[in-house]
Amino acid sequence: MNKPLNLQSTRRRVFAIISHPDAGKTTLTENMLYAAGAIHQAGQVAARGARRRTQSDWMKIEQERGISVSSSVMTFEHQDLIFNLLDTPGHEDFSEDTYRTLTAADSAIMVLDAAKGIEPQTLKLFEVCRLRDIPIITFINKLDREAQDMFDILSEIEDKLALDVIPMQWPCASGKRFKGIVDLRTDQFVPFAADGEHPAPVDFASDEMNAHIGDDDLTSEFSEEMELAKEYGEFNEQSFREGHMTPVYFGSALRKFGVLQLIDALAEFAPGPQNEKAKKAGQDICVQPTDKEVSGFVFKVQANMDPNHRDRVAFLRLCGGTFKRGMKLKTSENKTITVHNPILFFAQDRELADEAFAGDVIGVPNHGALRVGDSLSESGKIRYAGIPNFAPEILRRARLADPLKAKHLRKALESLAEEGVTQLFKPAMGSDMIVGAVGTLQIDVMAERIKTEYGLDVTFEIGLFQTARWLASDDPKAIEAFAAKNQSAMAEDLDGAPVLLAKSAWDISYAQDKNPEIRFLKIKERT
């Protein structure tokens, strides 16, 4: 019985794309879909009017600002494989959403701007990948513009990320002199054309290549660099799978150059669905893709993707079993959910999934029954490792223009907090709800969504408190005593867990020194 299931799961590839803002991630996403034949025209983030509406950026604020601030999932096929692309926010204010999305990915593409190399947000996101030993394929983008020396960028990857780099291709110059790339394994030269009509590959050092480059000095320089690039050694697939080595590819996403070769690399090297650690009836287990029982975890919840239907969809990463439409699944809290209309995603387009396998991401429509971090299985006894929340760096008080709509505001804030857009704290004293975020753009997105989706006029004011920490202790009475003494600074999060609101990091440090039996946590994992 396992043979067809095994064949289906091994066809899946689940990957994410990570980058610093403006490195070209969304453009690469669009053109990967275009190159794989999933769409007929790739959207352009920098374009105007209707052309600006990229397939992966569906939210109004994304279309207006030309940035990705929400994760989305897109499915496409290539070389008889099914790829689930998890598009993550590029903006640093949404690092928590990115972290959650990466828990569902088996590999990642790291996009670097050829002129800028490794930028701060790239470094942060890489560290998230390293926490999970996610294999990374590097794509050096924007070679149609003036770039750094490629050897310098490779050295930077080695030094800053402690990764072994193996160039699988090598570019011929950059900017206006950029002529193409050579595959270092096959010695095939792929010519670049600025108008996007790229000629077919030819043999390296052939008359066709020399004629395309049209400059003997550049050809000689290219040949020398190619020989030096080969000195990096052989690609080791095991080292890559363990997260120690990255194969490097080159191109220009905007000019649709090098994108198909990148997809081919994913098909060749990216791992299929991996075994996932979990607990079953309190015992540690390892869920395999070929397991009979259907199970998975929710890594994202999105409401109102379709403004006409006020919908709410949980993104479920399947880890084992063969899912069938209409199946009953249970949460680890024993809530039963009948999945009548499971969704396969293609940005804002959707289709019903009659069946799905380990490695697939399906949307489960629900009315608030599912939250980020929930586990679903047929027995209800499987619980996957929790997805963490991070302590907010910004706190704001939510104030309504019309106080009579307080109940509507609470519902809106709770719904957005359950999605993971922001965090929500209910103070022990006072009626104001306090919103927590990693960055100010999260607050802007929340304000925009509350206005457009709920019709509420809300302002978010700077209050007395600036940061927060979750409280934990082996002695519950210690927390009770601390809360009683510091009632004006206490709050609860969405799960009812105790939280200390503080004016500064110094206040937290002081509280820690005075209460050594209590742990003041920056990270809280839903269990």
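How each quantity is defined
- Residues numbered from 1 in each chain as written.
- Predicted model: local features only at pLDDT ≥ 70, side-chain atom pairs only at ≥ 80, totals over all residues.
- Heavy atoms only, no water.
- Axes fitted to C-alpha atoms, helices over the stretch in contact; angles between N-to-C directions.
- Helix = DSSP H or I, 4+ residues; strand = E, 2+ residues; numbered from the N terminus.
- Parallel < 35°, antiparallel > 145°, perpendicular 65-115°, else oblique.
- Left-handed = near helix turned anticlockwise from the far one by under 90°.
- Contact = heavy atoms within 4.5 Å.
- Nonpolar A, V, L, I, M, F, W, Y, C, P; charged D, E, K, R; others polar.
- Salt bridge = Lys/Arg side-chain N within 4 Å of Asp/Glu carboxyl O.
- Polar contact = N/O pair within 3.5 Å; in protein donor to acceptor, adjacent residues only side chain to side chain.
- pLDDT = per-residue confidence, 0-100.
- Pairing = 2+ DSSP bridges.
- Core = buried A, V, L, I, M, F, W, Y, C linked by side-chain atoms within 4.5 Å.
- Buried < 20%, exposed > 50% of the residue type's maximum accessible area, 1.4 Å probe, protein only.

1. Things to note about the packing of helix H11 (residues 406-419) against helix H12 (residues 440-454)
Working step 1: Between H11 and H12, the shortest axis-to-axis distance is 11 Å and the interhelical angle comes to 125 degrees. Comparing the axis directions of H11 and H12 gives the class oblique. Crossing angle aside, the handedness with which H11 passes H12 is right-handed. Of the residues in H12, those in contact with Leu409, Ala412, Leu413, Ser415, Leu416 and Glu419 of H11 are Met446, Arg449, Ile450 and Tyr454.
Working step 2: Considering only residue class, the contact of H11 with H12 consists of 7 nonpolar, 1 polar and 2 charged.

2. Details of the pattern of salt bridges
Here the idea is simple: oppositely charged side chains can pair when their charged atoms come close.
Working step 1: Inspection of the entire model under this criterion finds 26 salt bridges.
Working step 2: Members of the salt-bridge network, linked through shared partners, are Arg371, Asp493, Asp495 and Lys524.

3. What to know about the side chain of aspartate 493
Working step 1: In this fold, aspartate 493 is placed in the loop between strand E31 (490-492) and strand E32 (498-502).
Working step 2: Reaching out from aspartate 493, the side chain makes a polar contact with the backbone nitrogen of aspartate 495 at a distance of 2.9 Å.
Working step 3: Here the side chain of aspartate 493 touches alanine 497 through a polar contact of 2.9 Å, landing on its backbone nitrogen.
Working step 4: Setting aside its immediate chain neighbours within four residues, aspartate 493 contacts Leu424, Phe425, Trp470, Val499 and Lys524.

4. Topic: the environment of lysine 503
Working step 1: Residue position: lysine 503 is located in the loop between E32 and helix H14 (505-514).
Working step 2: For the pair lysine 503 and threonine 467, spaced 36 residues apart in sequence, the C-alpha to C-alpha distance is 6.5 Å.
Working step 3: Sequence-distant contacts of lysine 503, that is, excluding residues within four places in its chain, are made with Leu464, Phe465 and Gln466.

5. Looking at the confidence of the model for the protein chain
Working step 1: Within the protein chain, residue pLDDT values average 87, and 88% of them lie at 70 or more.
Working step 2: Overall, residues 44-59 carries pLDDT values under 50, and its contacts beyond four positions in sequence, including any with other chains, amount to 50 contacts.
Working step 3: Taken together, the stretch residues 65-71 has pLDDT below 50 and engages in 39 contacts with residues farther than four places along the chain or on a different chain.

6. Looking at the sheet that holds strand E30 (residues 467-472)
In a beta sheet, neighbouring strands are held together by backbone hydrogen bonds and run either parallel or antiparallel to one another.
Working step 1: What the 8 strands build is an open sheet, ordered E29-E26-E28-E27-E31-E32-E30-E33; its pairing is antiparallel. Strands at the two margins of the open sheet, each flanked by one partner only, are strand E29 (458-462) and strand E33 (519-521). Averaged over all adjacent pairs, the angle separating strand axes in this sheet is 40 degrees, with direction ignored.
Working step 2: Looking at chain direction, strand E27 (residues 423-427) and E31 are connected through 2 bridges and run antiparallel. Looking at E31, one finds that proline 427 is bridged to alanine 491.
Working step 3: Along the sheet, H12 contacts strand E26 (394-400), strand E28 (434-437) and E29; its crossing angle with E29, the most-contacted strand, is approximately 155 degrees.
Working step 4: Here H14 sits on the sheet and contacts E30, E32 and E33; the angle it forms with E33, its principal contact strand, is near 155 degrees.

7. Notes on the nonpolar core
Working step 1: Counting residues in hydrophobic clusters, the biggest one holds 81 residues, and the most contacted among them are Leu86, Ile157, Trp170, Phe222, Phe299 and Phe323.
Working step 2: One finds Ile137, Ile166, Phe240 and Ala265 within the second-largest nonpolar core, a separate group that totals 31 residues.

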